[in-house]
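Spelled out from the first residue to the last, the chains are:
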Amino acid sequence: MKQIKYLLIALACTLSASCMDGDDGDWTNPVTDETKNHFGNQNLQESNLITIEQLKNTYNTVIENGTYEQVTRPTQIKGVVTGNDIAGNIYNEVSIQDETGAFIICIAQGGLYGYLPMGQEILVELEGLYVGGYGKQGEIGTLYTSKSGSTYVSRMARALWNTHYKLLDKKPVTPILVSDIKQLDLKRDCGKLITLKGVTIKEANGTAVYAPSDGSVPLTANCANRAFKGISDRTLVLRTSTYADFANSVMPTGVLDVTGIATRFNDTWQILLRTEDDVKPTELTNY
């Protein structure tokens, strides 16, 4: 009965706003030391562990070519969650990172932030899952075939995901500080959490919002790409979904520090904010 109770509490936190804290509006995390054993696959034990860098190297060809390959032998990675769907800008996926690299895990489930908050370390068994690339961004999931007949790695069902991960400990999440996007390597660093220091959003004018859905800006896959002053939009954009909680928030002007997940689409960096609070006035003293 106790296990059923915890599962019902977690479900309620995912589906409704009844588990919100009073003052700051944050969702209560249902995962505690007492309840974390009720999530994922507790039978997983650490074995056949490789780093995310090793995973990228093993599947480099399929990632670069936008194809896919199934993992057919016991293989595990371990990483800390750096991005989730807490504000709707990252949809049906989480980003995880270890000391060597980062990867995107695609999951067909809402409310992932409830049990995969920032800083949650997880162990992932990859055998049976697929590794592939979308725009050369490495992703883990299962296969999806579009109406046009294209097949690629996409979101795995929640029931499948539940058999492939185990919650571990909480760890601090510290972004890489980046003063020049040229500091980053598209292959090595894609998927990592970064903070761009001392940048200015080109289209910010005091009234323009991140991702309007009124046709005033071009959209790709329901997302708006915003450029930064002095940096080509073929090199770097701030990418925001029209479904993000802050899509219609006014973009801040001035010199900023922008934190987000540094995904890539081919040779373009696409920064995904996790929440609106990821954009702050710069802390640089000389700019």
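None of these values were measured; they are calculated from a predicted model.

J.: Honestly, the environment of Asp-85 in this entry has me stumped. Any pointers?
T.: Looking at where Asp-85 falls in the secondary structure, it is placed in the loop between β2 (76–83) and β3 (93–97). For the pair Asp-85 and Ala-244, spaced 159 residues apart in sequence, the C-alpha separation works out to 9.1 Å. Once you skip the residues sitting within four places of it in the chain, Asp-85 turns out to touch Ile-90, Gln-109, Gly-110, Gly-111, Leu-112 and Tyr-113. A polar side-chain atom of Asp-85 sits 3.1 Å from the main-chain amide nitrogen of Gly-111. In terms of polar contacts, Asp-85 uses its side chain to reach the backbone amide nitrogen of Leu-112, at 3.0 Å.

J.: Is there a simple way to explain the packing of aromatic side chains in this structure?
T.: Any aromatic ring pair is given by two values, namely how distant the centres are and how the planes are angled relative to each other. For the coordinates displayed, the defined rule picks out eight aromatic pairs. With a centroid separation of 4.6 Å and 15° between ring planes, the pair formed by Trp-161 and Tyr-165 is classed as stacked. Under the relative-accessibility criterion, Trp-161 is labelled buried at 0%. The exposure class assigned to Tyr-165 is buried, which follows from its relative accessible area of 1%.

J.: Just checking my understanding: could you explain the side chain of Arg-239 for this structure?
T.: As for its placement among the helices and strands, Arg-239 is situated in strand β14 (residues 236–241). Buried charge Arg-239 goes without a salt bridge, the closest partner of opposite sign being Glu-93 at 9.0 Å. Within the local environment of Arg-239, its side chain forms a polar contact with the backbone oxygen of Thr-220, the two atoms lying 2.9 Å apart. For Arg-239, the side chain forms a polar contact with the side chain of Asn-225, separated by 2.9 Å.

J.: What exactly am I supposed to notice about the nonpolar core here?
T.: As a rule of thumb, soluble globular proteins bury nonpolar side chains together. Among the nonpolar cores identified, the biggest contains 29 residues, and Leu-196, Phe-228, Leu-238, Val-258 and Ile-271 are the most heavily contacted of them. Dropping the residues within four chain positions of it, Val-258 is found in contact with Ile-194, Thr-195, Leu-196, Val-199, Phe-228, Leu-238, Ile-271, Leu-273, Asp-278 and Val-279. Formed by 27 residues, the second largest nonpolar core is a distinct cluster that contains Ile-122, Val-124, Ile-140 and Trp-161.

J.: When you look at the pattern of salt bridges in this model, what are you seeing that I'm missing?
T.: Where charged atoms from two side chains of opposite charge come close, those side chains can pair. One pass over the structure, following the stated rule, counts nine salt bridges. Taking the shortest distance from any N to any O, the salt bridge between Lys-78 and Glu-46 comes out at 3.0 Å. Here the residue Lys-78 occupies a position in strand β2, and Glu-46 occupies one in the loop between α1 (2–15) and α2 (52–58), the gap between them amounting to 32 residues. Glu-64 is the partner of Arg-264 in a salt bridge, and the nearest nitrogen-oxygen pair spans 3.9 Å. Residue Arg-264 is located in strand β15 (residues 256–265), and its partner Glu-64 is located in helix α3 (residues 60–65); the two are separated by 200 residues in the primary sequence. Residue Arg-264 is classed as buried on the basis of its relative accessible area, which comes to 6%. A single salt-bridge network, built from bridges that share partners, covers Glu-64, Lys-136, Arg-264 and Asp-267.

J.: Is there a simple way to explain the side chain of Thr-268 in this structure?
T.: The residue Thr-268 is located in strand β16 (residues 268–272) in this model. The class of Thr-268 is buried, set by a relative accessible area of 17%. Reaching out from Thr-268, the side chain makes a polar contact with the backbone oxygen of Arg-234 at a distance of 2.8 Å. Discounting chain neighbours no more than four positions away, the residues touching Thr-268 are Asp-233, Arg-234, Thr-235, Leu-236, Val-237 and Thr-263.

J.: Quick question: what am I supposed to make of empty space enclosed by the protein here?
T.: To locate leftover empty space, one rolls a probe as large as a water molecule over the atoms. For the structure shown, the criterion picks out two cavities of 30 Å³ or more. The computed volume of the second largest cavity comes to approximately 30 Å³. Lining the second largest cavity, in full, are Thr-67, Gly-132, Gly-133, Tyr-134, Glu-139, Tyr-152 and Val-153. At the level of elements, β6 (130–134) and β8 (151–154) are the ones that each hand at least two residues to the lining of the second largest cavity. The dominant element in the lining of the second largest cavity, judged by the number of residues it contributes, is β6, at three residues. Partitioning the lining of the second largest cavity into residue classes produces three nonpolar, three polar and one charged.

Basis of the calculations
- Residues numbered from 1 in each chain as written.
- Predicted model: local features only at pLDDT ≥ 70, side-chain atom pairs only at ≥ 80, totals over all residues.
- Heavy atoms only, no water.
- Helix = DSSP H or I, 4+ residues; strand = E, 2+ residues; numbered from the N terminus.
- Contact = heavy atoms within 4.5 Å.
- Polar contact = N/O pair within 3.5 Å; in protein donor to acceptor, adjacent residues only side chain to side chain.
- Phe/Tyr/Trp six-rings, centres within 6.5 Å; stacked < 30°, edge-to-face > 60°.
- Buried < 20%, exposed > 50% of the residue type's maximum accessible area, 1.4 Å probe, protein only.
- Lys, Arg positive; Asp, Glu negative; His and termini not counted.
- Salt bridge = Lys/Arg side-chain N within 4 Å of Asp/Glu carboxyl O.
- Core = buried A, V, L, I, M, F, W, Y, C linked by side-chain atoms within 4.5 Å.
- 1 Å grid on protein atoms, 1.4 Å probe; cavity = no way out; pocket = protein on both sides within 12 Å on 5 of 7 lines; lining within 4 Å.
- Points joined across faces, edges and corners; volume = space filled by probe spheres on them.
- Nonpolar A, V, L, I, M, F, W, Y, C, P; charged D, E, K, R; others polar.

By themselves, these observations are geometric and do not establish any function.
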